[in-house]
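Fold and contact review
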Amino acid sequence: IDQNIINNQKIEKSEVIVGPLNSDEEFLKACNSSEGNLGIQNLIENSKDTELEIILKLIKTNFDSLYSNTYGNHVVQKFIDICNSELVSKLKHKIKEKVDIMIYNVNGIHILIKFCYKTNKFNFLKKYIKENFLQCAQNNYSISLMQRILRNNKYHLFKVRKKFIV
């Protein structure tokens, strides 16, 4: 930073922060703390596309710790809120790997809901719910996700009614 000031070069606020957070350990420590996650969320809001790609890489690397943490999941949610659907869909593989845990988790369910609203690439989630319908229907967290999916897709609602009423 000092060298940039000496050279009178303009640097973006987000560039100053993303560099030091390029380490998984520092990123995870910041995300999983009550104050640090707010800083990371602010960073996400003010980052350029190239910086968001770096943050995506860090989120994917630390996904297992982030989605289940009270503070860390807010970082993932903010990333989903701020980024375009193309960038968000790059999280699909990580979410798909953990859907069987996230759907029953107080923190994970919020990420799933935001992911469904942001992208149309959630057939894996519909498939999981269909295959585990009774288990999902008996869980407070997963039932809320099911309601949102059905509320937004009348065709699926018709199929569910037909399957269980007949």
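A quick note: this is a predicted structure, and the numbers were derived from the prediction, not measured. (Residues numbered from 1 in each chain as written. Predicted model: local features only at pLDDT ≥ 70, side-chain atom pairs only at ≥ 80, totals over all residues. Heavy atoms only, no water.)

Once the charged atoms of two side chains with opposite charge are near each other, the side chains can pair. Taken as a whole and judged by the stated rule, the model has five salt bridges. Residues Lys90 and Glu53 are paired through a salt bridge, measuring 3.3 Å at the closest nitrogen-oxygen approach. Pair noted here: Lys90 is in the loop between α8 (85–88) and α9 (92–102) and Glu53 is in helix α5 (residues 49–61), with a separation of 37 residues, a long-range link. What makes Lys90 partly exposed here is its relative accessible area of 37%. Judged by relative accessible area, which is 36%, Glu53 ranks as partly exposed. (Salt bridge = Lys/Arg side-chain N within 4 Å of Asp/Glu carboxyl O. Helix = DSSP H or I, 4+ residues; strand = E, 2+ residues; numbered from the N terminus. Buried < 20%, exposed > 50% of the residue type's maximum accessible area, 1.4 Å probe, protein only.)

Ile59, Phe79, Ile103, Leu125 and Leu145 are the most contacted members of the largest nonpolar core, which has 43 residues in total. Tallying contributions element by element places helix α10 (residues 108–118) first for this core, with six residues. When sequence neighbours within four positions are dropped, the list of residues in contact with Phe79 reads Ile44, Leu52, Ile55, Leu56, Ile59, Leu87, Val88 and Leu91. (Core = buried A, V, L, I, M, F, W, Y, C linked by side-chain atoms within 4.5 Å. Contact = heavy atoms within 4.5 Å.)

Turning to the environment of Glu53, a few remarks are in order. When the C-alpha atoms of Glu53 and Cys83 are compared, they prove to be 9.9 Å apart, with 30 residues separating the residues in sequence. Excluding its chain neighbours within four sequence positions, the residues that come into contact with Glu53 are Leu87 and Lys90. A polar contact is formed between the side chain of Glu53 and the side chain of Lys90, at a distance of 3.3 Å. (Polar contact = N/O pair within 3.5 Å; in protein donor to acceptor, adjacent residues only side chain to side chain.)

Tracing the chain through its elements places Lys94 in helix α9. For the pair Lys94 and Phe63, spaced 31 residues apart in the sequence, the C-alpha separation amounts to 7.1 Å. Residue contacts for Lys94: discarding those within four places in its chain leaves Lys60 and Phe63.

All right, on to the confidence of the model for the chain then. Confidence in the prediction of the chain, expressed as mean pLDDT, is 82, and 78% of residues score 70 or more. Contacts for the low-pLDDT stretch residues 1–17, under 50 throughout, to residues beyond four places or in other chains number 13 contacts. (pLDDT = per-residue confidence, 0-100.)

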